[in-house]
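Okay, here's what each chain looks like letter by letter:
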Amino acid sequence: MPKPLLFLDVDGVLNPASPHPDAGFDAHTLLGYRVLLAARHADWLRELAGGYELVWATTWEDEANRHISPLLGLPELPVVRFTGYVPQPGDPRVPLMQLISGRKWPPILRYAQGRPFAWVDDVIPGRLVRRALLRRDRLLLPVDPVHGMERRHVDRLLARPPRAGLLRRSPARP
């Protein structure tokens, strides 16, 4: 059985907006932007790769493989394409108020093609997180973009990885 997919964002997750100065982040200039990366994230991602197939789900797209992966000591990862994505029949509807925060959802679902997955991002609509709580095959972990991914996120991903199937409610008792 294949491993569940782990969709990873960069900005706000691996590249936090304003981490504590002692948090161990190194600054890099990539494509004209200041990017903060930490060795601990590289260690955590290698740990997660034991139970997940890592996939970039970032607007960096292929640039994540060119710039982020080498700095974290990661191999080239598959990439979800957001640029130029054309809505397709069967895509979930994204409410008008969530067009920005929910724009990654249809391409992620298309990429997953029914496989169990986890998604770690700093911009996941709350309604998607709530709906995922009713499923075993999806785990959506919002991350505070100020601090980025923390050990508690890794522990959650390792403790209960997504697996095939919906949660079933217990039958009503008379």
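Right above here is the structure, for reference.
Note that the coordinates shown come from a computational prediction; the quantities given were computed from them, not determined experimentally. (Residues numbered from 1 in each chain as written. Predicted model: local features only at pLDDT ≥ 70, side-chain atom pairs only at ≥ 80, totals over all residues. Heavy atoms only, no water.)

Enquirer: Teacher, can you tell me more about the nonpolar core here?
Expert: It is characteristic of soluble globular proteins that their nonpolar side chains tend to be buried jointly. With 30 residues, the main nonpolar core has Leu-6, Leu-45, Trp-56, Ile-68, Val-120 and Leu-157 as its most contacted residues. Elements that contribute at least two residues to this core include exactly strand 1 (5–8), strand 3 (33–38), helix 1 (39–48), strand 4 (53–56), helix 2 (62–72), strand 5 (117–121), strand 6 (138–142) and helix 5 (151–159). Sorting elements by how many residues they give to this core places helix 1 first, with 4 residues. Apart from residues no more than four positions distant in its own chain, Trp-56 is found in contact with Leu-8, Val-10, Leu-14, Ala-64, Asn-65, Ile-68, Ser-69, Leu-74, Leu-77, Pro-78, Val-79 and Val-80. (Core = buried A, V, L, I, M, F, W, Y, C linked by side-chain atoms within 4.5 Å. Buried < 20%, exposed > 50% of the residue type's maximum accessible area, 1.4 Å probe, protein only. Helix = DSSP H or I, 4+ residues; strand = E, 2+ residues; numbered from the N terminus. Contact = heavy atoms within 4.5 Å.)

Enquirer: I'm lost on helix 3 (residues 105–112) in this one. Help?
Expert: Turning to helix 3, its buried residues number three or more, namely Trp-105, Pro-106, Pro-107, Ile-108 and Ala-112. On its buried side, helix 3 packs onto strand 1, strand 5, helix 4 (126–132) and strand 6. Downstream of helix 3 by one or two residues, Gln-113 has phi in the positive range, about 45°.

Enquirer: Help me understand the pattern of salt bridges in this model?
Expert: Here the idea is simple: oppositely charged side chains can pair when their charged atoms come close. Under the definition given, this model contains 10 salt bridges. Here Asp-155 ties to Arg-151 by a salt bridge, and the two come within 2.8 Å at their closest N and O atoms. Of this pair, Asp-155 and Arg-151 both sit in helix 5, 4 residues apart, which is roughly one turn of the helix. The class of Arg-151 is partly exposed, set by a relative accessible area of 30%. Salt bridges here are not isolated pairs; linked through shared partners, they connect Asp-9, Lys-104 and Asp-121. (Salt bridge = Lys/Arg side-chain N within 4 Å of Asp/Glu carboxyl O.)

Enquirer: So what exactly am I meant to see when it comes to the pairing of strand 6 here?
Expert: Each regular strand shows side chains that alternate between the opposite faces of the sheet. Bridging between strand 5 and strand 6 involves 5 bridges; their strand directions are parallel. Residue pairing across strands places Val-120 opposite Leu-141, the latter belonging to strand 6. In this region the chain leaves strand 5, passes through helix 4 and returns to the parallel neighbour strand 6; the handedness of that crossover is right-handed. (Pairing = 2+ DSSP bridges. Right-handed = clockwise from strand over helix to strand, strands pointing away.)

Enquirer: It is not clear to me how the environment of Ala-38 should be interpreted in this structure. Could you clarify?
Expert: Looking at where Ala-38 falls in the secondary structure, it is placed in strand 3. The class of Ala-38 is buried, set by a relative accessible area of 3%. Taking the C-alpha atoms as reference points, Ala-38 and Leu-14, 24 residues apart in sequence, are found 7.6 Å from one another. Discounting chain neighbours no more than four positions away, the residues touching Ala-38 are Gly-24, Phe-25 and Leu-72.

Enquirer: Would you mind going over the side chain of Asp-121 with me for this structure?
Expert: Among the secondary structure elements, Asp-121 is positioned in strand 5. The class for Asp-121 is buried, based on a relative accessible area of 2%. At a separation of 3.2 Å, a polar atom in the side chain of Asp-121 contacts the side chain of Trp-119. Setting aside residues up to four positions removed in sequence, Asp-121 forms contacts with Asp-9, Val-13, Ala-57, Lys-104, Leu-141, Pro-142 and Val-143. (Polar contact = N/O pair within 3.5 Å; in protein donor to acceptor, adjacent residues only side chain to side chain.)

Enquirer: Hey, could you run me through the packing of aromatic side chains in this one?
Expert: Any pair of aromatic rings gets described here by the distance separating the centres and the angle formed by the planes. Considering all chains together, one arrives at 4 aromatic pairs under this definition. Judged by centre distance (5.5 Å) and plane angle (70°), the rings of Phe-7 and Phe-117 are edge-to-face. In this pair, Phe-7 is assigned in strand 1 and Phe-117 in strand 5, connecting sequence segments 110 residues apart. The pair Phe-7 / Phe-117 is uniform in exposure class, with both members buried. Pairing Trp-105 with Trp-119 gives two aromatic rings, centres 5.8 Å apart and planes at 20°, and the pair type is stacked. One end of the pair, Trp-105, is in helix 3; the other, Trp-119, is in strand 5, and 14 residues separate them in sequence. Here Trp-105 matches Trp-119 in class, with each residue buried. An aromatic cluster is present here, built from Phe-7, Trp-105, Tyr-111, Phe-117 and Trp-119 joined pairwise through their rings. (Phe/Tyr/Trp six-rings, centres within 6.5 Å; stacked < 30°, edge-to-face > 60°.)

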